[in-house]
Amino acid sequence: MASSKKRLLTGLQPSGQLHIGNYFGALKPFIDSYEEYESFLMVVDYHALTTLRKPEEMRENIISAVKSYLAAGVDPSKAVIFQQSQVQEHTELAWIFECLVTVPFLELSHAYKDKLAKGHEANAGLFNYPMLMAADILLYDTDIVPVGEDQRQHVEYAREAAAKFNNAFGEVFKEPKEMINKAVAIVPGIDGKKMSKSYKNTIPLFGSKDDITKAVMAIVTDSSGERPENVYAIHAKFKDAVSLDALYEEKKGKYKDLKEALIEDVERLVAPMREKYNSLTEDDVKRVLNEGSDRAREIAQAKMKVVREKVGVSL
Ligand code: ADP
Ligand code: TRP
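Residues numbered from 1 in each chain as written. Chains lettered and ligands numbered in written order. Predicted model: local features only at pLDDT ≥ 70, side-chain atom pairs only at ≥ 80, totals over all residues. Heavy atoms only, no water.

(A) Main features of the overall build of the protein. Each helix and strand counted, the protein has 13 helices and five strands in total. Relative to the compact-globule value of 20 Å for 315 residues, the protein shows a C-alpha radius of gyration of 22 Å, a close match. With the C-alpha coordinates of the protein rotated into their principal frame, the extents come out at 75 × 40 × 35 Å. Every one of the 315 residues in the protein was classed for burial, and the buried ones make up 48%. (Helix = DSSP H or I, 4+ residues; strand = E, 2+ residues; numbered from the N terminus. Rg over C-alpha atoms; globule rule 2.2 N^0.38 Å. Buried < 20%, exposed > 50% of the residue type's maximum accessible area, 1.4 Å probe, protein only.)

Below you can see the structure in the form of structure tokens.
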């Protein structure tokens, strides 16, 4: 049955263990809004292949990405959760878009330049990355693409690919809009910088209580002010402002007590998710992905049938 809801689609990089910054910045906003839409959540393994050369790591990361979203609360009966590489139409459509855009146009990509600056090899997959992402989005007549600010240009590329195709061959693709949640604040890491796996300053989202304790105890504090600012800034994600300030007033100067309070508050949020994560098996993940990919493929195949006719390859 066709849904009257708008369609939302987003891609998850299968990139390993998530941290609480990822939770507040990406998982929670998705979980809070996905039921308002007809939602598609895709693990973008072929995008990951532009930089990942370890098959076992790829496999584990795909599984852990899906477990993370399920454990954090996505209901697979209310969203289509699927694997990009299981729906071959994505790479097929990417090729068609690659034939429509120019090299100088792709050379404008900030993400590409950033990756080269970080020392990644300039492989052709990395260069064409925006056209595979355009295919991901456009195959499903997506209305809304929730992404971080760093992905804004990629959604513009998708609109441009849609316009180029529609101009050349007739109206087939809908132009999508990005949804960038500006209200989501950056979660600081244990050293006060942005929490990021590349800075090794994270509190793991599905870590054991010991892992969390270790990370919290390692939060950098200085004794110059009234309160340990780095502890407070992380704690603010877990407690409302009034009770947080009351606690920091009561425990003024007692950094160890404050860290212990933070550990308890982190535990309260993550313990049920960790339990769910650990209860999920690889078979559960495969079942969800197979069902989701079947559903996604139906839509993608119908779209590609029209695309093939339009470009003149269907005989
Ligand atoms: P990392 O910086 O650890 O490599 P990613 O770049 O893979 O994280 O980010 C995945 C998602 O999590 C993105 O949507 C990003 O905006 C969000 N995110 C990552 N770190 C933070 C943070 N410290 N605070 C808020 N959101 C974050
Ligand atoms: N490029 C996105 C990122 O790095 C991941 C992605 C791939 C994506 N395909 C997508 C996001 C389609 C939204 C829609 O985060």
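(B) Spatial organisation of the environment of K237. Counting through the fold element by element, K237 comes out in the loop between α10 (229-235) and α11 (241-250). Look at K237 and you get partly exposed, because its relative accessible area is 28%. In sequence terms K237 and K256 are 19 residues apart; their C-alpha atoms lie 19 Å from each other. If we skip the residues at most four places from it in the chain, K237 touches F24, A185 and V187. (Contact = heavy atoms within 4.5 Å.)

(C) A look at the nonpolar core. One finds I20, V74, I203 and L205 to be the most contacted residues of the largest nonpolar core, which totals 57 residues. Here this core takes nine residues from helix α3 (residues 55-72), the largest share from any one element. Residues from two domains meet in this core; each of domain 1 (7-184 + 282-311) and domain 2 (197-277) gives at least three. (Core = buried A, V, L, I, M, F, W, Y, C linked by side-chain atoms within 4.5 Å. Domains from an automatic or database assignment.)

(D) A look at the site of ligand 2. Near ligand 2 you find 14 residues, and of these G11, Q13, Y129, D136 and Q151 are the closest. In this structure, a nitrogen atom belonging to ligand 2 sits 2.7 Å away from a side-chain N or O atom of D136. Taking Q151, its side chain carries an N or O atom lying 2.8 Å from a nitrogen atom of ligand 2. Taken by itself ligand 2 offers 370 Å² of open surface, and the protein chains cover 89% of this. Elements that contribute at least two residues to the shell around ligand 2 include exactly β1 (7-12) and α7 (124-138). The leading source of residues in the shell around ligand 2 is α7, at four residues. The residue inventory of the shell around ligand 2, partitioned by class, reads eight nonpolar, five polar and one charged. (Near = heavy atom within 4 Å. Polar contact = N/O pair within 3.5 Å; in protein donor to acceptor, adjacent residues only side chain to side chain. Areas by Shrake-Rupley, 256 points an atom, 1.4 Å probe, with all protein chains shown as cover. Nonpolar A, V, L, I, M, F, W, Y, C, P; charged D, E, K, R; others polar.)

(E) The arrangement of the site of ligand 1 in detail. For ligand 1, the full set of nearby residues is H19, G21, N22, G25, A26, A185, I186, V187, K194, M195, S196 and K197. At a separation of 2.7 Å, an oxygen atom of ligand 1 approaches a polar side-chain atom of H19. Between ligand 1 and K194, the relevant distance is 3.1 Å, taken from an oxygen atom to a side-chain nitrogen or oxygen of the residue. Within the complex, the protein chains bury 72% of what would otherwise be the 540 Å² of accessible surface of ligand 1.

(F) A look at the pattern of salt bridges. Under the counting rule described, the total for this entry stands at 28 salt bridges. Between R59 and E56 there is a salt bridge, with its nearest N and O atoms 4.0 Å apart. Here E56 and R59 lie together in helix α3, a separation of three residues that amounts to about one turn. Among the salt bridges present, the one from E309 reaches K305, with a minimum N-O distance of 3.4 Å. In this pair, E309 and K305 both sit in helix α13 (residues 282-311), four residues apart, roughly one turn of the helix. Residue classification places K305 among the exposed positions, given a relative accessible area of 52%. (Salt bridge = Lys/Arg side-chain N within 4 Å of Asp/Glu carboxyl O.)

(G) Summary view of the domain arrangement of the protein. The domain architecture assigned to the protein consists of domain 1 (7-184 + 282-311) and domain 2 (197-277). Look at where the C-alpha atoms of domain 1 and domain 2 centre, and you get two points 33 Å apart. Facing the 14 residues of domain 1 at the interface are 13 residues of domain 2. Contact between domain 1 and domain 2 buries roughly 1300 Å² in total, counting both sides, with carbon and sulfur atoms accounting for 72%. At the junction of domain 1 with domain 2, the criterion picks out zero salt bridges. In this structure, the connection of domain 1 to domain 2 is made through two residue pairs in polar contact (both at pLDDT 80 or more). Every element with two or more residues in the side of domain 1 that touches domain 2 is listed here: α1 (20-33) and α3. Among the elements that take part in the side of domain 1 that touches domain 2, α3 stands out by supplying six residues, more than any other. (Buried area = accessible area lost by both parts, 1.4 Å probe.)

(H) Summary view of the packing of aromatic side chains. Counted according to the given criterion, the structure contains 13 aromatic pairs. Centre to centre, the rings of F165 and F169 are 4.9 Å apart; their planes meet at 50°, and the pair counts as tilted. Placement of the pair is F165 and F169 together in helix α8 (residues 152-169), with a separation of four residues, close to one helical turn. With relative accessibility at 0%, the residue F165 sits in the buried group. A centroid spacing of 5.1 Å and a plane angle of 90° characterise the contact between Y232 and Y248, whose relative ring orientation is edge-to-face. A residue pair is termed long-range when its members are at least 10 positions apart, and Y232 in helix α10 and Y248 in helix α11 qualify at 16 residues. (Phe/Tyr/Trp six-rings, centres within 6.5 Å; stacked < 30°, edge-to-face > 60°.)

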